[in-house]
Every structure is written in structure tokens, then in C-alpha cells.
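Results of the structural survey
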Amino acid sequence: MLRRFSDGSATNPKQPFVKRAALRRKVFVQLVWLAAALAIGIFAFATRPGPGGDEAWAAPAKKAQALDAGALTKAEDEKPEAPADNGNSIDLAIAPDGGVPFHPEGTPYRSPFAKPNAHTVRVKLGFLLNSVDDYDVKTGTFAADFFLSMTSAEPMPNVSLQSPNGKLEEKETIADKPTFKLFRYQGSFKSPPDLRKYPFDSQQLQILLEEDSRGIDQIRFVADKERTQLARGFRALGWQVSYLEARSLTQSYPDRFENDDLYYGRYIFTLGIDRYATSAAFKVFVPAFVIVIIALLGMWVPPNEMEVRSNAGAPMLAGAVLFHFALMQELPATSYLTRADKLMMGVYLSLALGMISTWWMFLVKEENMDKVFRIARVVVPVLTVLVMAAACLA
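Residues numbered from 1 in each chain as written. Predicted model: local features only at pLDDT ≥ 70, side-chain atom pairs only at ≥ 80, totals over all residues. Heavy atoms only, no water.

**Examining the overall build of the protein chain**
Per the secondary structure count, the protein chain includes six helices and 12 strands. Taken over 394 residues, the protein chain has a buried fraction of 44%. The long-range share in the protein chain, meaning contacts at least 24 apart out of those at least 6 apart in sequence, stands at 72%. Total accessible area on the protein chain stands at roughly 21600 Å², and carbon and sulfur atoms take up 58% of it. (Helix = DSSP H or I, 4+ residues; strand = E, 2+ residues; numbered from the N terminus. Buried < 20%, exposed > 50% of the residue type's maximum accessible area, 1.4 Å probe, protein only. Contact = heavy atoms within 4.5 Å. Areas by Shrake-Rupley, 256 points an atom, 1.4 Å probe, with all protein chains shown as cover.)

**Digging into the nonpolar core**
Grouped together as the largest cluster of nonpolar side chains are 63 residues, with contacts concentrated most on L129, F146, I207 and V347. Among all residues touching I207, those that are not within four sequence positions of it are F127, F142, A144, F146, N165, F189, Y267, I268 and F269. If you look at the next biggest cluster of nonpolar residues, it comprises eight residues, including F113, I216, L262 and Y264. (Core = buried A, V, L, I, M, F, W, Y, C linked by side-chain atoms within 4.5 Å.)

**Side note on the side chain of R275**
Looking at where R275 falls in the secondary structure, it is placed in strand β12 (residues 264–275). For R275, the contacting residues outside a window of four places in its chain are V137, Y198, P199, D201, G238, W239, Q240 and A280.

**Remarks on the packing of aromatic side chains**
Counted according to the given criterion, the structure contains 12 aromatic pairs. Here the aromatic rings of Y135 and F142 are separated by 6.4 Å at their centres, their planes lie at 70°, and the arrangement is edge-to-face. Under the relative-accessibility criterion, F142 is labelled buried at 3%. When the centroid spacing of 5.6 Å and the interplanar angle of 65° are considered together, the rings of Y135 and W239 count as edge-to-face. Here the residue Y135 occupies a position in strand β4 (residues 121–136), and W239 occupies one in strand β11 (residues 239–252), the gap between them amounting to 104 residues. What makes Y135 buried here is its relative accessible area of 18%. (Phe/Tyr/Trp six-rings, centres within 6.5 Å; stacked < 30°, edge-to-face > 60°.)

**Some details on a nonpolar patch on the surface**
Taken together, W360, L363, I375, V378, V379, V382, L383 and L386 make up a surface patch of nonpolar side chains, about 740 Å² in accessible area. Where the nonpolar patch is concerned, the elements lending two or more residues are α5 (339–363) and α6 (369–393). With respect to the secondary-structure elements, V379 resides in helix α6. On the basis of relative accessibility, which here comes to 38%, the residue V379 falls in the partly exposed class. (Patch = residues over 30% accessible without salt bridge, like charges linked within 9 Å, V, L, I, M, F, W, Y side chains within 5 Å. Salt bridge = Lys/Arg side-chain N within 4 Å of Asp/Glu carboxyl O.)

**Some points on the confidence of the model for the protein chain**
One rule of thumb: low pLDDT means the predicted coordinates there are not for detailed reading. When the pLDDT values of the protein chain are averaged, the result is 80; 78% of them are 70 or greater. Segment residues 1–7 is flagged for pLDDT under 50; beyond a separation of four residues in sequence, or across chains, it makes 13 contacts in the model. (pLDDT = per-residue confidence, 0-100.)

**Some remarks on the pairing of strand β8 (residues 180–190)**
Note that strand β5 (residues 141–152) and β8 share 11 bridges and pair antiparallel. Looking at β8, one finds that F142 is bridged to F189. Taken together, the 10 bridges between strand β7 (residues 166–177) and β8 define a ladder with antiparallel strand orientation. Bridging across to β8, G166 finds its partner in F189. In this antiparallel pair of consecutive strands, β7 and β8, the connection spans two residues. (Pairing = 2+ DSSP bridges.)

**Section: the pattern of salt bridges**
Considering all chains together, one arrives at 10 salt bridges under this definition. One salt bridge in this structure joins D145 and R184, with 2.9 Å as the shortest N-O distance. Residue D145 is located in strand β5, and its partner R184 is located in strand β8; the two are separated by 39 residues in the primary sequence. Given a relative accessible area of 9%, D145 falls into the buried group. Residue K181 pairs with D176 through a salt bridge whose shortest N-O separation is 2.5 Å. A relative accessible area of 9% places K181 in the buried class. Residues joined by salt bridges that share partners form a network here, namely D224, E226 and R227.

**Concerning the sheet that holds β5**
Read across the sheet, five strands follow the order β7-β8-β5-β4-β10 without closing on themselves; strand pairing throughout is mixed. Each having just a single partner strand, β7 and β10 (219–230) make up the two edges of the open sheet. Averaged over all pairs of adjacent strands, the angle between their axes in this sheet comes to 25°, without regard to strand direction. Strand direction decides the pairing type here: β4 and β10, joined by eight bridges, are parallel. (Axes fitted to C-alpha atoms, helices over the stretch in contact; angles between N-to-C directions.)

**A look at helix α3 (residues 277–296)**
Here α3 is 20 residues long and its end C-alpha atoms lie 27 Å apart, about the 28 Å a rise of 1.5 Å per residue gives. The sharpest bend along α3 measures roughly 35° and falls at F285, with the proline P287 sitting one to four residues further on. Those residues of α3 that fall on the buried side of the exposure criterion are A280, V284, F285, A288, I291, V292, A295 and L296. In this fold, the buried residues of α3 make contact with β12, α4 (306–328), α5 and α6. (Expected span 1.5 Å × (residues − 1). Bend = angle between axes of the 7 residues up to and from the residue.)

**Some remarks on the side chain of T270**
One can find T270 in strand β12. A distance of 3.2 Å separates a polar atom in the side chain of T270 from a polar atom in the side chain of Q206. In contact with T270, not counting residues within four places along its chain, are Q204, L205, Q206, Y243, L244 and E245. (Polar contact = N/O pair within 3.5 Å; in protein donor to acceptor, adjacent residues only side chain to side chain.)

Below you can see the structure in the form of C-alpha cells.
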């Protein structure tokens, strides 16, 4: 039935309802598309590889105790290989009843690798880090070039250093005297990253060195903190140095055989680095806030422009999912939420508030749409500010 006016024109009273039905269908299609985008994002998050694929950084020890200056530590790393030849000390051990040989006297240790009547030599280790290259926060790997000095008050035994958390690929001997040795090493190492505060995270790059062929009954390491330094002009690209630390420990392996009670020396050099805050803010926080602000502009679109208003939130939500997906590709899989993940959760909730206010208008009667518009224009921005503040401070 058409209504005719004095000028001869006609209108259909069902036309507003037809238009609203078409908009509802459009919103339904958008919801289906967004659900698919979210499903793809969740699938990518759940299946992204961890650091180094299935590779584990280190096998845990049975027990762990760490005490400085000669205390005992159970190491966190288990080395599958047995210690190298220990000056034929194992040849002096006896096994009258079979089994693992031992030394009946001359040493407090029952390990066959202990040396009877051994004299402990204290060796001071100095460390000069030349460079750190190719640091990958996703895998925790980096390459390092450094000088290592060894100084003692009396002749030291032969030393064969190994790295439990990496590989010493090149070694240059600069000095090799009974009481002084100087080497230059190049190698690759691995330190698991801590990304809880990403993108304002701090990382610890550690280089572990140990003597696993001679126990502390023959040689004991002492960190020379006055000679633990960085080379002039040292830089870690994308990071700023926060601190240096060097310490020495004594540690034992998890029992590999009966009476495996000998302890070995370990030297740990730690370089603390911080991510540049300005770069982190512009890479993560600024894009997230731009997405939220653009979506909030839709709150001022009047009810008679429902098609424009309904299209304001959907593209921003799709953009947020893609932006979050790009962030996840730069990081390894973690068992916790990073600060960036919490920020994106705030973005998703803020966008949902705007879209809910738009869908609310489709559920009320046409004469109440203006009232919903006025309420949403005040409530949604206020809730968005609170949500984003909580996400940033979490």
C-alpha cells in the first residue's frame, strides 16, 4: 500500500523496515567474517613455533643450589659426555669388588676422576667482551667475541674450557705461561629470553665457561670483577647496555654413576641489555592506540547513518587481529602473556564495546535509537579509557 501526498508522490511505509533488515544482514555477514579472522589468529597463536622449534636449551638438574665463593651448586645443565682425561687419576683408582673405581685415600671425594693428594690452584678470570652480534630474541641465540685472561699465583694445570650454553667455535692463544694465559674466543651462545614486559623488556645474555676435566680439587675459578669490561665502542644494535656481572661457582652434574660426587668450576659472565623504550612505544603502543581512536570516531555517527556506523568497528577489529598476528611472529611461544598481549586484549575489548553499542541500536525500537546513541556516545569512550589504562598498567 502506497501513501500519496498532495504533490502526487508516494512512499512505502515498510521501506525503513526493509532498510534495517538489509543492515542486519550486512552486520551478520561481518560477524561471520570477523569470527573467521579471529579463528585464524587464535590458530596462528597456538601453533607458532617455540625457540629453535623442538630444541630444548638445557636439561634440568636433579637439584640446584648456588652459593658464591666456593659453595656448592647443582647445575641446571646436564652434559651427556663424561669428563676428559684427568691426569690419569682414574688409573690410580681401584675397584676391588668391581663397579665404579674409587680412591681409598688422599682425597675427600670418591669419584674416580678426583686426584689423590691434589693441590688446589686459584685462578682469576678476566673478561673483555668485544662484540655481540646477531642476537635473536625469538630463539635467544647470539654470537660473541671476547678475550679471556687466566692468572694464578702458582703454576696452574692444563685447562680445557667448555661452554654449557653454547659452542666455542674459534680459539686464539695469545699468551700461555704457567701462571698467565690469554685467549681470544669466538662462539655462539643461547640465553632463554624473558618477555613478560615486552616491548619494554630487559634480557640477560650469559656466557658460561667451565672446566669439566679437572675438579675443584685441582683448580678453582675466581671472577676478576675489576677486569670484567666491555671493549671501547661496544654496541648491541637495538639494545642499550644496563649492567655487567661476573661470578664463579662450583657445580656438580646430576649423578651419572655411583659416587659421582666431584665438583667442577664454572664461570658466568652476564650482560644485561634493555630494549629502547621510544622504539618499543612507536612499534607497539602507538599503532594500538590509533586503532582504538579511529574506532571511537564511529560513536559520533548518527543513527540515520547506520550503514556507516556499522562499518566503523569491523575494519578496525580486523586490523587489530592482523597487527597482533604480526607481533606474535617476532616472539617465541611463551607460557605467559606479554605486556603487548595484555595491551591487545584491551584493544579487542575496546572495539567490542563500540560494536556492541551499534548492535544495540538494531535491537531497540526505531524511536529509541536516538536515546541509545546519546548513551553510547558518553559511556563507550569512558569505558574505553578505563580499559586501555588497565591494559597498559597490567
